Amino acid sequence: MIDNIIYLMPIITILSGAILMMLLSMYNKYKTKHFIIISSIFITIALIFSILHFGELYRIKPFNDIFNNIIVFDTFANFFNIILLFGGLLVILIGEHYCKKYSYFKGEFYSILLFAIFGMMLLAHVNELISAYIALEIASFCVYILIGFDTSRSKRVEAIFKYLVLGSFIGAFFLLGIVLVYGATGTTNIDTITEIINQSNNYNTPLFYIGISLLVFTFLFKIAAFPFHSWVLDVYRGAPILVTAFMASVFKVAIFSFFLRAILSDFISLNTFWEDALIVLTILTLTFGSFLAITQNNVKRMLAGSSIVHTGYMMLGIIALGESIESAYSIMFYLIAYLLSSIGAFGLISHIIADTRKRSTYDDFKGLGQEKPYLAALMTIFMFSLAGIPSTIGFIAKFYVFTEAIISGYIFLAIFAIIATAISLYYYFKLVAVMYFYPSFASKKASKSKLGVSNFMISVVALLIIWGGIGSAIVFFIPIPSIDGILSVVELSIQSLFIK
Amino acid sequence: MYETNILSFIIFLPAIVSFILMICVKKSEDIRNIAFITTIIILILVLKIYINFEPTSKMQFVTNIPWISQYGINYYIGVDGFSLTILMLIAILIPTSYLFLWEGRTKGYWLNMLLIQTGVTGTLLALDTILFYFFWEIMLLPVFMLIGIYGTGNKVLSTIKVTIYTMTGSLFMFVAIIYIGINFYNEFGYWSFQYTSLMKVTILSHTEEYFLFFVFVGAFMIKIPLFPFHTWITSTYSNAPTGAVFLLSSIMAKLGIYAIVRFMIPIFPDICIEFADYFVFIGIFGLIYFGIAALMQNDIKKMFAYSSASHLSLIAAGIFSLNHFGMNGALYLIIAHAISTGGLFLLIGMLEYETKFKNITDLGGIAKKAPIFTFIFAIMLFANIGLPSTNGFVSELLIIFGIYKSNHLMGFAATLTVLIAASYMLWMFQRAILQDKTNNNILKIRDLNLKEIVAITPWIILIFIMGIYPEPFINKFEPTVTHFIDDFLNYGRIK
């Protein structure tokens, strides 16, 4: 009984942290600084609880008489918990500089952020469709609120309404999907659905397929794949940039955590049914993402467009899942790589915006290389990582995804993705070029940026990116764990899904 | 430990020094001095390798440790006769070029120069294809920065153009590498991306091999550049700063040729033989085409860009003649051309920096004002044309022999090289350096100072020694060439 509580501890910690901060935010004497400290302490505690089981292979269902197979605790969920918590911690700490400058970031902001992380962690654990819906909506509603936190600007209002309306609409799709699946199989528990699929080989009731398709739609919407991608630009642009960082990285990981579990443990045998459709959607996602990213004049919108392209790469991995389960490793590695790179990029922009209060067009970045050489160098690293240039983690991630896609025989998709990568070089290098090759508008002299928490954390992210790209082999005289370590952890977590 | 890691040390020392300098040192003079010392240390280490190197075709000073073990990617580096020659070249050329660039460069310039050295040395020594790709891509980034920050004219467009152009080529090569690697896995049941492993793949169909071959060669042709992938060179060479042009023309372009020999011949020997004639033709065509284009240029840097492309086409033709003469000659021309073109670009860089002019019609009367400059310029020029007693002569002779042996008609066409090179070079020399003009008073140029003369003297000595007594130099890489021809190509013929 008590043994099992330890597995629940990360979630409980985050939930209690969220509630505590909700109560504390009633008092005026607690400033933003305090909330940053409190929330990071809670996340760190939760991280420590999660890391306790790091590297173990387990799958248990604690308090099963209460939860009734709804929630599982396995290495897979634990792995995602660690990523989510780490990502959340990064967002809070990198945003420290930004939040201090803007008065509307009060205690509630951090409380809601923790509630969102709570919902996402729950999503990584759930093994049943209705609770998945609940967890997804907890996370989504928190994100809606976070987007609209500062309603004084019309862009924010536009973003929240766009996302809220479309998100609720797609939520209804999800519910309908659950209903249809329930109608076809008589259950909403993923394990039971698997059994039913496996028992009857020619299981092809239209009802079931329509239901699953609706669930897939939700997935595509949340990861911003074609044809559900058009909300991304406006929402990412309109949201406070810190929230954009949170959505682009952490929220995406959370979505993948549930759907990867679902795909891997049950629907892998059904993958052939959607294969053709997914191939077409991947090509369109890559095309439209590239097109959107290349035409933007605003860096935030460019990053939003490029996040669609990255979704396309991950969909490549999902298609390859039908052939070999190993491509799940590549997706998970890609998620880590993208999380680091995008948190770094968005976080750095937030840092710059906080100082200059500019919009974030390409022109605003002119001369950054001379004004703030340190930040410009870090931004260059993030851009290179997003573009998949060797010596960054983005390269290794692309290598995995492309390798898995080609092994599974999707050589033309891989070539298409390579073309998208070549296009992406343009819009990432453009930012680097703008930072270094043009004189500054303001003609300010090099001002030393103060050492702060957010500076420090951005540097940590950049170091992680470089470390992930080089690994331990090349710098063999420094004893640090290699990329192999990450991959074996990923492998372990996938294995835990199949423990009966 | 020391013996095995010496190559890694040579590769990574500049990058590590560069990072330390970036954080710790502010004054650009200090940075320059430390960077110079670093390159001298590397030169000493390379000399040590050169002396200890046994003249066989075997890989030496090998380091081979797992990097990403799930996919069998190894950190696999080593040196053989072929790469040793180019390694030596890099180690000598870079420090002396520093002496030419000595004054007036800022911090970022030197940091990027150091990073480039890591990139090119890594590319040269990598024997695992993924590791090769790794260095092949990152050696371009410092060049991107150098051109963009310190270039002139329409620098941003030209730097983005060259970066995206070459990177697109290499991205396709990346897919090709993965594709061969997967076929290796399917055939042998374990992962490996070493070129020695990829050679063994037999399950590729002929059509697949065609595609893969052309994707690989395309990436290398862009970098060299061979016709028709040369469109980036004029804007890049004319807008880039001297250091970047020097490195691009005398070292990076050679690495494209090197990569063809290192990876194409072992992995696709049969396709190489099948298409050899076409590539000799492309080479000869490029030679004439770029030569004529060079005649037409008024911008002196553009002229040298085309001249460089013309010679590189000849080198490629020599490689694809696939016999001893051609390949030895091509390797020899790699060194000879690197020295003479490198020297010329540095001198031109100085000329432009001092006079602020770069059009041939604007220049003139340099010979009176800077006699030593003119003298050295002339030597480099003659070596570039391939006058007897210079190293250019030996190498072009060997290449023409080689091409003649594989195809008589092409051999005749290849002899045109001397004629074309002589016409554009001498014409330019006459107009830009010798001839007195009315606007002479505007031109201000100092003569070479002692430091620069000291820097360039070893190059001049090398030009003549290599031109008069080539044997000891050829002996170092001859076994490797024999190994490549006898083992790989004969295997390809059987196949």
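Residues numbered from 1 in each chain as written. Chains lettered and ligands numbered in written order. Predicted model: local features only at pLDDT ≥ 70, side-chain atom pairs only at ≥ 80, totals over all residues.

Our focus in this paragraph is the overall build of chain A. Across its full length, chain A holds 21 helices and 2 strands. Taking 23 Å as the expected radius of gyration for a compact globule of 500 residues, we find that chain A reaches 22 Å, a close match to that expectation. Summarising its shape, the C-alpha atoms of chain A cover approximately 70 × 55 × 50 Å along the three principal directions. The contacts in chain A between residues at least 6 apart in sequence include a share of 81% that link residues at least 24 apart. (Helix = DSSP H or I, 4+ residues; strand = E, 2+ residues; numbered from the N terminus. Rg over C-alpha atoms; globule rule 2.2 N^0.38 Å. Contact = placed C-beta atoms within 7 Å.)

Across chain A, the average pLDDT comes to 83, with 93% of residues at 70 or higher. The spread of mean pLDDT over the elements of chain A runs between helix H3 (residues 64-67) of chain A, the lowest at 76, and helix H7 (residues 129-147) of chain A, the highest at 90. (pLDDT = per-residue confidence, 0-100.)

All names here are of chain A. Split into domains, chain A comes out as domain 1 (1-125) and domain 2 (269-500). Look at where the C-alpha atoms of domain 1 and domain 2 centre, and you get two points 25 Å apart. Contacts between the two partners involve 19 residues from domain 1, matched on the other side by 22 residues from domain 2. Among the elements of the structure, helix H4 (75-94) and helix H5 (96-101) are those that each provide at least two residues to the side of domain 1 that touches domain 2. Considering every element that reaches the side of domain 1 that touches domain 2, the biggest residue donor is H4, with 9 residues. (Domains from an automatic or database assignment.)

Next up on the list: the interface of chain A and chain B. At the junction of the two partners, chain A supplies 26 residues and chain B supplies 29 residues. Mapped onto the side of chain A that touches chain B, the elements with two or more residues apiece are helix H18 (393-407), helix H19 (411-437), helix H20 (453-474) and helix H21 (483-496) of chain A. Per-element tally for the side of chain A that touches chain B: the top contributor is H19(A), with 12 residues. Across the side of chain A that touches chain B, the residue classes tally to 21 nonpolar, 4 polar and 1 charged. (Nonpolar A, V, L, I, M, F, W, Y, C, P; charged D, E, K, R; others polar.)

With that settled, the discussion passes to helix H13 (residues 300-320) of chain B. Each α-helix winds once per 3.6 residues, and so residues spaced three or four apart point in a common direction. Residue and element names in this part refer to chain B. Taking 1.5 Å of rise per residue, the 21 residues of H13 would be expected to cover 30 Å, and the 30 Å separating its terminal C-alpha atoms lies within 8% of that figure. Burial analysis of H13 places 21 of its 21 residues in the buried class, which makes it a mostly covered element. Leu322 sits one or two positions beyond H13 and adopts a positive phi of about 55 degrees. (Expected span 1.5 Å × (residues − 1). Buried ≥ 20, exposed ≤ 12 C-beta atoms within 10 Å, placed from the backbone.)

Moving on: helix H2 (residues 32-51) of chain A. Residue and element names in this part refer to chain A. A rise of 1.5 Å per residue sets the reference length of H2, with its 20 residues, at 28 Å; its end C-alpha atoms lie 28 Å apart and thus fit the reference within 8%. Among all positions of H2, only Phe35, Ile36, Ser39, Phe42, Ile43, Ala46, Leu47, Phe49 and Ser50 are buried. Summarising the axial view, the buried residues of H2 lie within an arc of 160 degrees, below the 170-degree limit, and thus occupy one face. Those residues of H2 that are exposed and aimed more than 90 degrees away from the buried face are Lys33 and Ile41. (Arc of directions from axis to C-beta.)

Further remarks concern the pairing of strand E2 (residues 73-79) of chain B. Residues and elements named next belong to chain B. Most of E2 sits out of view: 6 of its 7 residues are buried. Here 6 bridges tie strand E1 (residues 60-68) to E2, and the two strands are oriented antiparallel to one another. Across the sheet, Asn64 pairs through a bridge with Tyr76, a residue of E2. A loop of 4 residues connects E1 with E2, the two strands running antiparallel in sequence, and Gly72 in this loop sits at a positive phi of about 60 degrees. (Pairing = 2+ DSSP bridges.)

What follows is about the environment of B:Phe279. Residue and element names in this part refer to chain B. When you line up the elements, Phe279 lands in helix H12 (residues 269-296). What makes Phe279 buried here is the crowd of 21 C-beta atoms within 10 Å. Along the backbone, Phe279 and Gly318 are 39 residues apart, and their C-alpha atoms lie at a distance of 9.6 Å.

Bringing the environment of B:Ile34 into the picture now. Residue placement: B:Ile34 occurs in helix H2 (residues 28-52). For B:Ile34, a count of 17 C-beta atoms within 10 Å puts it in the partly exposed group.

A cis amide bond links A:Phe226 with the next residue in sequence, A:Pro227, at an omega value of 0 degrees. Among the structural elements, A:Pro227 can be located in the loop between helix H10 (206-222) and helix H11 (231-238). Residue B:Pro228 is bonded to the preceding B:Phe227 through a cis peptide linkage, with omega at 0 degrees. Structurally, B:Pro228 is set in the loop between helix H9 (206-223) and helix H10 (233-239). Phi is positive for A:Ser391, close to 80 degrees, though the residue is something other than glycine.

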